[in-house]
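# Structure assessment
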Amino acid sequence: QSLTEPIVRIPSPQDPVYIKKVHADMAQDVIESIRYPLQENSESTSTVDGIRGCAAPLVRGSGWGMDDNYMKRCIDDLLVVFQVETPNAVDNIDGIASVEGVDVIFLGPLDLSASIGKMGQFDDPAVKSLLQEAEKRIVDSGCLLGGFRTPGRDVKEMFWESGYNFVVGSADIGLLRDSARSDVATAKNIP
């Protein structure tokens, strides 16, 4: 078994069929964006109760029925990550953290900066303040803090000073893009 687990971003947390397929076919770990305001029954739709399909003997996640502990392991191993992308979401971090089953609150610095009309302006005082407020609220909530590395920010500082538990340093599409650019540059130099 791999020591690296994929985390899949769910396009619509309100789509139980899609969530079931993700769990059954590929990933234990999911990331969801939250819509505000929080509803009365705003439990994560990724929690196992009532959302996971029961075709355990027939799905890839159970090793095609070879894993007798699949259903218990699903519950124990599920990591639910909610993404905070707006000032309204930052204001509601305590509410997000109180949703049963939420393990990680994840910050997207580009999303947050764009949501206040300052996309990519990570040195702007308003952007820095919003990120710092979100980080503090998440750490204080008791949830794990995760997020993308802000360009120019030191990863060591993110872990040791700001309280991050995991940081995404690069995304697969960025690595693929950079590799393709390198291949094109090399090909242009072929006589």
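The shown structure was predicted, so the numbers you read here are calculated from the model rather than taken from an experiment.

Summed over the entire model, instances satisfying the criterion amount to 6 salt bridges. Here Arg153 ties to Glu157 by a salt bridge, and the two come within 2.8 Å at their closest N and O atoms. Note on Arg153: relative accessible area 16%, which makes it buried. Salt bridges here are not isolated pairs; linked through shared partners, they connect Glu135, Arg153 and Glu157.

So, on to the environment of Asp140. Tracing the backbone through its elements, the reader meets Asp140 in helix α6 (residues 125–141). Of the residues examined, Asp140 reaches a relative accessible area of 54% and is grouped as exposed. Along the backbone, Asp140 and Ile93 are 47 residues apart, and their C-alpha atoms lie at a distance of 9.9 Å. Only 2.6 Å separates the side chain of Asp140 from the side chain of Lys136, close enough to count as a polar contact.

Right, let's talk about the nonpolar core for a bit. Judged by nonpolar contacts, the single largest core of 25 residues is most densely connected at Val84, Val90, Ile93, Ile105 and Leu107. Broken down by secondary-structure element, the contributors of at least two residues to this core are β3 (79–84), α3 (87–91), α4 (93–97), β4 (104–107) and α6. Residue contributions to this core peak at 5 residues, all from α6.

The buried count for β3 comes to 5 of 6 residues, which makes it a mostly enclosed element. Bridge count between β3 and β4: 4 bridges; the pairing is parallel. If you follow Gln83 over to β4, its bridge partner there is Phe106.

Bringing the environment of Val168 into the picture now. Inspection of the secondary structure assignment puts Val168 in strand β6 (residues 166–168). Each C-alpha atom, one on Val168 and one on Gly147, is 6.1 Å from the other, the two residues being 21 residues apart in sequence. Those residues in contact with Val168 that lie beyond four places of it in its chain are Phe106, Gly147, Phe148 and Arg149.

In this section: the side chain of Thr150. Position of Thr150 relative to the elements: it lies in the loop between β5 (144–148) and α7 (155–160). Apart from the residues within four sequence positions on either side, Thr150 is in contact with Pro109, Phe122, Leu131 and Met158.

Here we take up the packing of aromatic side chains. The full count for this structure, using the stated rule, is 2 aromatic pairs. Here Phe106 and Phe148 contribute two aromatic rings whose centre-to-centre distance is 5.1 Å and whose plane-to-plane angle is 85 degrees, an arrangement assigned as edge-to-face. Pair noted here: Phe106 is in strand β4 and Phe148 is in strand β5, with a separation of 42 residues, a long-range link. Ring centres of Phe106 and Phe166 lie 5.8 Å apart, and the angle between their planes is 35 degrees; on these two criteria the pair is classed as tilted. Of the two residues, Phe106 sits in strand β4 while Phe166 sits in strand β6, which places them 60 residues apart along the sequence. We classify Phe106 as buried; its relative accessible area is 3%. Members of the aromatic cluster, each reached through a chain of ring pairs, are Phe106, Phe148 and Phe166.

So, about the confidence of the model for the chain. Per-residue pLDDT for the chain averages 78, and the proportion of residues at 70 or more is 68%. Per-element averaging of pLDDT across the chain places strand β2 (residues 29–33) at the bottom with 53 and α6 at the top with 96. This model gives residues 34–50 a pLDDT under 50, and the stretch forms 34 contacts once residues within four places in sequence are excluded.

Cut-offs applied
Residues numbered from 1 in each chain as written. Predicted model: local features only at pLDDT ≥ 70, side-chain atom pairs only at ≥ 80, totals over all residues. Heavy atoms only, no water. Salt bridge = Lys/Arg side-chain N within 4 Å of Asp/Glu carboxyl O. Buried < 20%, exposed > 50% of the residue type's maximum accessible area, 1.4 Å probe, protein only. Helix = DSSP H or I, 4+ residues; strand = E, 2+ residues; numbered from the N terminus. Polar contact = N/O pair within 3.5 Å; in protein donor to acceptor, adjacent residues only side chain to side chain. Core = buried A, V, L, I, M, F, W, Y, C linked by side-chain atoms within 4.5 Å. Pairing = 2+ DSSP bridges. Contact = heavy atoms within 4.5 Å. Phe/Tyr/Trp six-rings, centres within 6.5 Å; stacked < 30°, edge-to-face > 60°. pLDDT = per-residue confidence, 0-100.

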